[in-house]
Amino acid sequence: MKLSILHELNAERAARRPVILVTDTESGEQRLVKAADFAKDPLRTELDKQLRMGKSANVEAGGKKLFLNVYAPTAKLVIIGAVHISQALAPLARSLGYDVTVVDPRTAFASPERFPDIPLVAEWPETALPPLNVDAYTAFVAVTHDPKIDDPALLHAFERNCFYIGALGSRKTHAKRADRLRAQGAKESDIARIHAPIGLAIGAVSPSEIAVAIMAEITAVLRLPPKEKEEAA
Amino acid sequence: MLDRDEDILKAAEDWQKAGRGVALATVVETWGSAPRPAGSSLVINDEGTFLGSVSGGCVEGAVVTEAMDVIESGKPKMLEFGVADETAWNVGLSCGGTIRVFVEKVG
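Here the structure is a predicted model, which means the values were calculated and not measured.

> Would you mind going over the overall build of chain B in detail, with residue names and values included?
Counting secondary structure elements, chain B contains 2 helices and 5 strands. Order of helices (α) and strands (β) in chain B, N terminus to C terminus: α-β-β-β-α-β-β. Among the 107 residues that make up chain B, the fraction classed as buried is 47%. The contacts in chain B between residues at least 6 apart in sequence include a share of 51% that link residues at least 24 apart.

> Break down the overall build of chain A for me, with residues and values.
The helix and strand tally for chain A stands at 9 helices and 10 strands. The buried share of chain A, taken over its 233 residues, is 38%.

> Can you break down the sheet that holds strand β6 (residues 99-103) of chain A residue by residue, with the values?
Residue and element names in this part refer to chain A. Reading across the sheet, the 6 strands line up as β7-β6-β5-β8-β9-β10 and stay open at both edges, with parallel pairing between neighbours. Taken across any chain shown, the strands that pair with only one partner, and hence form the sheet edges, are β7 (120-121) and β10 (194-195). Pairing of strand β9 (residues 164-167) with β10 involves 2 bridges; the strand directions are parallel. Across the sheet, residue Ile165 finds its bridge partner in β10, namely Ile194.

> Outline the environment of Ile99 of chain B, supporting the account with residue identities and numerical values.
For Ile99 of chain B, the position within the fold is in strand β5 (residues 98-106). Sequence separation between Ile99 of chain B and Val63 of chain B is 36 residues; the distance between their C-alpha atoms is 12 Å.

> Please give an account of the environment of Arg44 of chain A that cites residues and values.
Residue and element names in this part refer to chain A. Structurally, Arg44 is set in helix α2 (residues 44-53). By the C-beta count within 10 Å, which is 13 here, Arg44 ends up partly exposed. Linking Arg44 and Leu77, residues 33 residues apart in sequence, is a C-alpha distance of 28 Å. Every residue in contact with Arg44, bar those within four places of it in the chain, is listed here: Phe38 and Ala39.

> How would you explain the interface of chain B and chain A if you had to name every residue and give the values?
The interface of chain B with chain A comprises 20 residues on the first partner and 22 residues on the second. Of all the secondary structure elements, the ones that give two or more residues to the side of chain B that touches chain A are α1 (8-17), β1 (22-31) and β5 of chain B. Examining the composition of the side of chain B that touches chain A, we find that 5 residues originate from one element, α1 of chain B, more than from any other. Of the residues contributing to the side of chain B that touches chain A, the split by class is 11 nonpolar, 4 polar and 5 charged.

> Which residues make up the UniProt feature "domain: XdhC Rossmann" (unreviewed entry) in chain A, and what are the values?
In the numbering used here, UniProt assigns the feature "domain: XdhC Rossmann" (unreviewed entry) to residues 77-218 of chain A. With 41% helix and 15% strand, the stretch residues 77-218 of chain A has end C-alpha atoms that lie 10 Å from each other.

> I'd like a rundown of the confidence of the model for chain B, residues and numbers included.
Of all residues in chain B, 81% have pLDDT values of 70 or greater, and the mean over the chain is 83. Of the two predicted TM-score estimates for the complex, the pTM is 0.84 and the ipTM is 0.81.

Cut-offs used in this document
- Residues numbered from 1 in each chain as written.
- Chains lettered and ligands numbered in written order.
- Predicted model: local features only at pLDDT ≥ 70, side-chain atom pairs only at ≥ 80, totals over all residues.
- Helix = DSSP H or I, 4+ residues; strand = E, 2+ residues; numbered from the N terminus.
- Buried ≥ 20, exposed ≤ 12 C-beta atoms within 10 Å, placed from the backbone.
- Contact = placed C-beta atoms within 7 Å.
- Pairing = 2+ DSSP bridges.
- Nonpolar A, V, L, I, M, F, W, Y, C, P; charged D, E, K, R; others polar.
- UniProt positions renumbered as here; feature names shortened; annotations may be inferred.
- pLDDT = per-residue confidence, 0-100.

Printed below as a string of structure tokens:
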């Protein structure tokens, strides 16, 4: 591997931008493709698929045997609200490989006793979120039921283009939330990105089951191709 | 995307910049119950120091030996390990899998 490629690969990884290293395993020839450049690449279908699955793979193209090594950032999950659902959601998400952070300004909720080993930020979203580097590889869920906490957090998630944004609440609650966000200048296209009611419809009742529904929905958004994603949601 | 060995490629770059000969070994294909998935890698320097893993310990020794040759020659190599390939290699994967490992020089 040329040092220039290695250097670029490390820079992209440090910036949490996904890349795929394409290696001709016979000649040793290599090139690095940034996710932003997939669309114009001759291997775009394969690149898209492997990145979506987060899996490295071999492909044959133009008579060459190519190894596609996928370097995708570790996904993050930011949970707004240190509530009962979050107590089940945080460890579940962690077991699925996510870096989890729980944000709730209410110190009675955001206590280490309730969230052993989970990073907690007991601050308002305006203070808590900027240092968390919320990005396109972040799933973002707002579950406090309190507009003072959830709304500013959701506006931040829009701005950072999170791959998944979900908010707890019935359709009625969500309609009111949409009105409030609109009044605060949120775009329709952003409001439409919120998954609400949150989670796949699996009839979840208990906090743990709701956590499963939420992680199932996040997984679908992360892994399924766009068309199937719509069908699942 | 999850659970990657985060510091291996950084070590490869740091070692190379410090003037060491460096090789990178990457699992490019697996069959059967191979212990580490495709994309797993191991970085080796010319002192024989290595970081990371391509098999969870079964074949690292052989990979390191081959990597020394690659650092010397600069030519990449494809290695294959597994119980199905006893003639080529004495080291096998106890778990019954087969892996192909691409070894290349860095720099």
